[in-house]
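# Coordinate inspection notes
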Amino acid sequence: MLWSSIASFAALTAVVNGQYDGETSPPSYPSPWMRGGNGWADAYQKAQAFVSQLTLLEKVNLTTGVGWEEGPCVGNTGSIPRLNFPGLCLQDSPLGVRDTDLNSAFPAGVNAAATWSTRLMKSRGNAMGSEHRDKGVDVQLGPVAGPLGRSPEGGRNWEGFSPDPVLTGVAIGQTIQGIQDAGVIACAKHFIMNEQEHVRSATPPEYEFSYSSNLDDKTMHELYLWPFADAVRAGAGAIMCSYNQVNNSYASQNSWTLNYLLKNELDFQGFVTSDWWAQLTGVASALAGLDMTMAGDQGLNSGDTYWGSNLTAAVLNGTIPQWRLDDMVVRIMSAYYKVGRDKTSVPVNFNSWTLETDGYRFPESNEDFTQVNWHVNVQDDHAALIREIGGASTVLLKNVNKALPLNKPKSIAVIGEDAHDNPGGPNACGDRGCDIGTLAMGWGSGTANFPYLISPNTALKAQAADDKSQYVNVSNNYDFDAVTKAVTGAEVAIVFANADSGEGYLTIDGNEGDRNNLTLWQNGDALIAHVASINPNTIVVLHTVGAVIVEAIKNHPNITAILWAGLPGQESGNAITDVLYGKVNPQAKTPFTWGKAREDWGTDVMYTFPSDPPQLNFVEGVFIDYRHFDAAGIEPSYEFGFGLSYTTFSYSNLKITKNNPGPYEPTTGMTSPAPTFGTIDYNPAHAEFPPGFSAVPRYVYPYISGPIPTNLPQNWPAHSQDGSPQPKLAAGGSGGGNRQLYDTMYTVSATVTNTGNVKGTEIAQLYISLGGPTDPKIQLRGFDDLILDPGESETFTYEITRRDISNWDTVSQNWVVSAYPKTVYVGGSSRDLPLSGALG
Ligand SMILES: *[C@@H]1O[C@H](CO)[C@@H](O)[C@H](O)[C@H]1NC(C)=O
Ligand SMILES: *[C@@H]1O[C@H](CO)[C@@H](O)[C@H](O)[C@H]1NC(C)=O
Ligand SMILES: *[C@@H]1O[C@H](CO)[C@@H](O)[C@H](O)[C@H]1NC(C)=O
Ligand SMILES: *[C@@H]1O[C@H](CO)[C@@H](O)[C@H](O)[C@H]1NC(C)=O
Ligand SMILES: *[C@@H]1O[C@H](CO)[C@@H](O)[C@H](O)[C@H]1NC(C)=O
Ligand SMILES: *[C@@H]1O[C@H](CO)[C@@H](O)[C@H](O)[C@H]1NC(C)=O
Ligand SMILES: *[C@@H]1O[C@H](CO)[C@@H](O)[C@H](O)[C@H]1NC(C)=O
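Nothing here was measured: the structure is a model prediction, and the numbers come from that model. (Residues numbered from 1 in each chain as written. Chains lettered and ligands numbered in written order. Predicted model: local features only at pLDDT ≥ 70, side-chain atom pairs only at ≥ 80, totals over all residues. Heavy atoms only, no water.)

### Details of the overall build of the chain
Counted only if it meets this: In this description a helix means any DSSP run of H or I spanning at least four residues, a strand means any run of E spanning at least two, and both kinds are numbered starting from the N terminus. In this setup the radius of gyration rests on C-alpha atoms only. A globule is expected at 2.2 Å times the number of residues raised to 0.38. For each residue, the accessible area found with a 1.4 Å probe, counting protein chains only, is set against the maximum for its type, and the residue is called buried under 20%, exposed over 50%, and partly exposed in between. The sign given to each residue is positive for Lys and Arg and negative for Asp and Glu; His and the chain ends receive no count. Here the site of a charge means NZ on Lys, CZ on Arg, CG on Asp, or CD on Glu.
Across its full length, the chain holds 20 helices and 29 strands. The C-alpha radius of gyration computed for the chain amounts to 27 Å, which stays within 12% of the reference 28 Å derived for 840 residues, consistent with globular compactness. Along the first, second and third principal axes, the C-alpha atoms of the chain reach 85 × 65 × 50 Å. The buried share of the chain, reckoned over its 840 residues, is 65%. Between the averaged position of the 51 positive side-chain charges in the chain and that of its 85 negative side-chain charges there is a distance of 7 Å.

This is the structure we're talking about:
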């Protein structure tokens, strides 16, 4: 029967309790109920009014996806026909609307980070949000702060921003504001510790469990949770939990990460959705803080569900208290009202499963053939923004002999498959699952279809025609005879190469999501070496998902310039042409470190595990990326925050002003008791399928059929069903944590001057040393983009917050400012910091 699930609940409860090797996650119950503070008050009020009129079945409908491919979007909740409420549409991705047409393909998150421009981050979010809105999407499944980027090999790092938590925190906050200003709910993901693709999900019989990310509390707070605090502070309406375990408890039912960290300490007021099929239990996940399940079915097209009818039954038999169900639904509807969905919503006008005009409304069940696509063009003028971000995110790593910018060269040779079009078109491979032609996004669910893709070859050829430069191009990376002929005697040879990665459900050239190595793909290193052995003015352009080993390229005397263009989206060729020809002066700074060898990072993907459940131990603590290079005294090829311009800048006049915001006060007191909204009809007969209801096969419904289980043995965690007032956490009380963490402690300013001959943008960076023996040498805390004419000076200002100078204290479970002397540094990269001063 339906209710034979107690064995699996018991097994998973055992996991929650951590009866396996490795660390365990402490229990934290009950799940904090929404209270509507911090900019949520209006939305909460509207949501209460809406939810109060719902029946049990209608409430359950909003928490549960209808099953894979049973609606137009990648995720669809049930609807409320009685109130003409169509249900919610959740759609990928973090870089544009996935699986449709006439949408834009934006630069990836890593490129947004490389701009270091809050204006561009927010504009990008807003443009993506408006495209989702105009397609009828309620929830955009992005942006990404997990993976943060522990290891450069991590397959999905590029979907997020940077391994630095502050750069990622600013980027995710700006992106969320941009998306939600457009009237769409942003869904920050993946919460949390989803730092690699290998074994993120169980792959029986090899691994019966997902890997467990095991880490200490300090590293959690000071590194991985940090950007999620910014996401919550920015008002994110939704957060998606991840596939992996944390301390041997699944992220979809880990009461410590969801109840304690996210909903209590960070005071998250929106809803938590599972990643697709990441939910593994019904009651346990509900009590641990999950609010929505996606795709709704237990497995891909399995037709059964942990929630839906099972949630209805669990409420009816009293296992899940009404307040917990009501809290799920009021959180979902508050997010809806917070971003104004009641005013901005349009009917869904696309279908994720076909680009044809007609198709099935329920594709998985092959039912109801009708019009499913209206081909709405949502691109607006976003191409201009995409081109601007493409240019502003291109990092100039090397430029000698005034190689760049180009100025009407007599002849130019453009070499490499990565400069050229994919002969099958830019969308030839589903979910971009191949590395053919120029690389402008990675692969997986974090993608969108290209409306078009301007390749570098197309744009550079057009530029050459304007300039009357002789132009020759070679796309074959292995035809060295043709390459030799093309580059010999050319005034400039530009070689393009790439390195790709993506989500683990696709394996490309043996790479199961995560990269197998940090070298270039498609013979790229040999191709570059060959061109440089012939042409003394070789320029290298890299389209890579992250760091690759460039030490040989950096040191080659014939290589006069190196540019990293990342994953620039549809305007790739135009953007790189703008930079190469000086129409755009590069401003980007690398959002990650470029090591000389793979070992230099001190962290790596674990490709196989000796045990099951697989243990992924974050033994390096907070020392990832530049923190590790600094601590270990390893010289990188290019340090975090590095990037050249066609002009030069100087820094002077550091000023530090101490503010006095008063002492830090822990949040105290008790919450109010858990509220309920409306009354529940506990008669099981009223929860059955309505007479004559014609159910779509394998569709997930809230209805029960037959008797509900009432006297199974119960072993739910202590306090998990308790709706009485609860103590507030010292570090909590406000979106993103204790309000006073964001008090200004010091105001720091410095003068930045353009000392060159052309206009340029400098990204001024501020780092702090917290001074303790276990602290990183320096940590980024603030930055700003300053646009300066030749000779012009401007003041860079940053307000250092209490959080910026605090450490997480595991005993008091709060942030503390240590007694160690603290120093502030200002300059143009993490290793070029001409100004410094004590924070007295
Ligand atoms: C994981 O376990 C460590 C060691 O017991 C503990 O410090 C940390 O708080 C735990 N974190 C989570 C998320 O459970
Ligand atoms: C739940 O949602 C489904 C469609 O998604 C709908 O057919 C059904 O009528 C809804 N049930 C209720 C009680 O609103
Ligand atoms: C309820 O959950 C149990 C245990 O996972 C499952 O066997 C059953 O099919 C579910 N019921 C429905 C209607 O999906
Ligand atoms: C040069 O580019 C064109 C497209 O503009 C392409 O058709 C041609 O194959 C390329 N030439 C070589 C030798 O790869
Ligand atoms: C690194 O991986 C890429 C992609 O699979 C492959 O093309 C390349 O040959 C590999 N490099 C080395 C040194 O094995
Ligand atoms: C640089 O290019 C010249 C040809 O201009 C070639 O003779 C020389 O060997 C190249 N240098 C290297 C290190 O490959
Ligand atoms: C109530 O139903 C849920 C879902 O089927 C089940 O997990 C739980 O054990 C039941 N409670 C009782 C007391 O039988």
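### Section: helix α11 (residues 309–316)
Since the α-helix packs 3.6 residues into each turn, any two residues three or four apart lie on the same face. Condition: In this analysis, two residues are considered to be in contact whenever any of their non-hydrogen atoms come within 4.5 Å of each other.
Of all 8 residues in α11, 7 are buried; the element is thus mostly enclosed. Regarding α11, the residues found buried are Ser 309, Leu 311, Thr 312, Ala 313, Ala 314, Val 315 and Leu 316. At its buried positions, α11 is contacted by α3 (56–63), α10 (283–287) and α12 (322–338).

### Regarding the UniProt feature "domain: Fibronectin type III-like" (unreviewed entry) in the chain
To be explicit about the condition: UniProt positions are given in the numbering used here, feature names are shortened, and annotations may be inferred rather than shown by experiment.
The residues that UniProt annotates with the feature "domain: Fibronectin type III-like" (unreviewed entry) are residues 762–830. Measuring from the first to the last C-alpha atom of residues 762–830 gives 14 Å, for a span that is 0% helix and 57% strand.

### Some points on the sheet that holds strand β1 (residues 75–76)
Cut-off, in case you're wondering: The criterion for strand pairing is that DSSP finds at least two bridges linking the strands in question. Every axis in this analysis is a line fitted to C-alpha atoms, fitted for helices over the stretch in contact. Angles between the N-to-C directions lie between 0 and 180 degrees.
One open sheet accounts for 6 strands, arranged β1-β2-β3-β4-β6-β9; its pairing is mixed. The open sheet is flanked by β1 and β9 (271–274), the only strands paired with a single partner. Pairing of strand β6 (residues 238–241) with β9 involves 4 bridges; the strand directions are parallel. Among the inter-strand pairings, Met 240 is bridged to a residue of β9, identified as Thr 273. The sheet contacts of helix α8 (residues 226–233) involve β4 (185–191) and β6, and relative to β4 the element is tilted by about 165 degrees.

### Description of the site of ligand 2
What counts, and what does not: Think of it this way: one heavy atom of a residue within 4 Å of a molecule or strand is enough to make that residue near it. What qualifies as a polar contact is a pair of N or O atoms within 3.5 Å, subject to a donor-acceptor requirement within protein and to the restriction that residues adjacent in sequence count only when both atoms come from side chains. What sets the accessible areas is the Shrake-Rupley method with a 1.4 Å probe; for residues, cover comes only from the shown protein chains.
Ligand 2 sits among Leu 57, Glu 58, Asn 61, Val 66, Gly 78, Ser 79, Ile 80, Pro 81, Phe 693, Tyr 699 and Tyr 703. Between an oxygen atom of ligand 2 and a main-chain N or O atom of Ser 79, the distance comes to 3.1 Å. Between ligand 2 and the protein, one listed contact pairs a nitrogen atom with a side-chain N or O atom of Tyr 703 at 3.0 Å. Protein contact buries 81% of the 360 Å² of open area that ligand 2 shows by itself.

### Quick notes on the site of ligand 7
For clarity, the cut-off: Residue type decides the class: Asp, Glu, Lys and Arg count as charged, Ala, Val, Leu, Ile, Met, Phe, Trp, Tyr, Cys and Pro as nonpolar, and the leftover types, Gly among them, as polar.
Around ligand 7 lies a shell of 12 residues, among which Asn 317, Thr 319, Thr 710, Leu 712 and Gln 714 are the nearest. Separating a nitrogen atom of ligand 7 from a side-chain N or O atom of Thr 319 is a distance of 2.8 Å. Note that an oxygen atom of ligand 7 is positioned 3.1 Å from one of the backbone N or O atoms of Leu 712. Taking 360 Å² as the accessible area of ligand 7 by itself, protein coverage stands at 95%. Class assignment of the residues belonging to the shell around ligand 7 gives a composition of 6 nonpolar, 6 polar and no charged.

### Regarding the state of the cysteines
To keep things clear, this is the line we draw: Only a pair of cysteine sulfur atoms within 2.5 Å qualifies as a disulfide here.
Counting across every chain of the model gives 2 disulfides. Put simply, Cys 73 and Cys 89 are joined by a disulfide, and their sulfur atoms are 2.1 Å apart. In this structure, the disulfide formed by Cys 73 and Cys 89 twists by about -100 degrees around the S-S bond and is classed as left-handed. Pair noted here: Cys 73 is in the loop between α3 and β1 and Cys 89 is in strand β2 (residues 89–91), with a separation of 16 residues, a long-range link. For the residue pair Cys 73 and Cys 89, the accessibility class agrees, reading buried in each case. The partner cysteine of Cys 429 in its disulfide is Cys 434, sulfur to sulfur 2.0 Å.

### Digging into the domain arrangement of the chain
Just so we agree on the cut-off: Note that the domain bounds were set by an automatic or database domain assignment. Salt bridge, as used here: a side-chain nitrogen of Lys or Arg that lies within 4 Å of a carboxyl oxygen of Asp or Glu.
Its domain assignment divides the chain into domain 1 (6–375 + 672–687), domain 2 (382–640) and domain 3 (651–659 + 743–839). The distance between the C-alpha centroids of domain 1 and domain 3 comes to 35 Å. Of the residues lining the interface, 17 residues belong to domain 1; the matching set on domain 3 comes to 15 residues. Here domain 1 and domain 3 share 1 salt bridge between them.

### Here we look at the sheet that holds strand β12 (residues 395–399)
Taken together, the 6 strands give an open sheet; going across it, the order is β12-β19-β18-β15-β13-β14, and neighbouring strands pair in mixed fashion. Whereas interior strands pair on both sides, the edge strands pair on one side only; in this sheet they are β12 and β14 (470–474). Strand after strand, the sheet turns through a mean of 15 degrees between neighbouring axes, direction not considered. As defined by bridge partners, β12 adjoins strand β19 (residues 559–564) across 4 bridges and the pair is classed as antiparallel. Bridge pairing in β19 places Leu 396 opposite Leu 563. Lying on the sheet, helix α17 (residues 524–534) is in contact with β13 (411–415), β15 (492–499), β18 (538–544) and β19; it crosses β15 at an angle near 170 degrees.

### Thoughts on empty space enclosed by the protein
In plain terms, the rule: A pocket, in this scheme, is an open set of points on a 1 Å grid over the protein atoms alone with protein on both sides within 12 Å along at least 5 of 7 lines, while a cavity is a set where a 1.4 Å probe fits but cannot get out; residues line either one if an atom lies within 4 Å of a point. Grid points are joined across faces, edges and corners, and a volume is the space filled by probe spheres set on the points.
Applying the stated criterion to the full structure yields 4 cavities of 30 Å³ or more. As a volume, the largest cavity reaches approximately 180 Å³. Class assignment for the residues of the lining of the largest cavity results in 10 nonpolar, 7 polar and 3 charged. Per-domain counts for the lining of the largest cavity show at least three residues from each of domain 1 (6–375 + 672–687) and domain 2 (382–640). There is about 70 Å³ of room inside the second largest cavity. Forming the walls of the second largest cavity are 13 residues, and the residues nearest its centre are Ala 229, Glu 265, Leu 266, Gly 736 and Trp 815.

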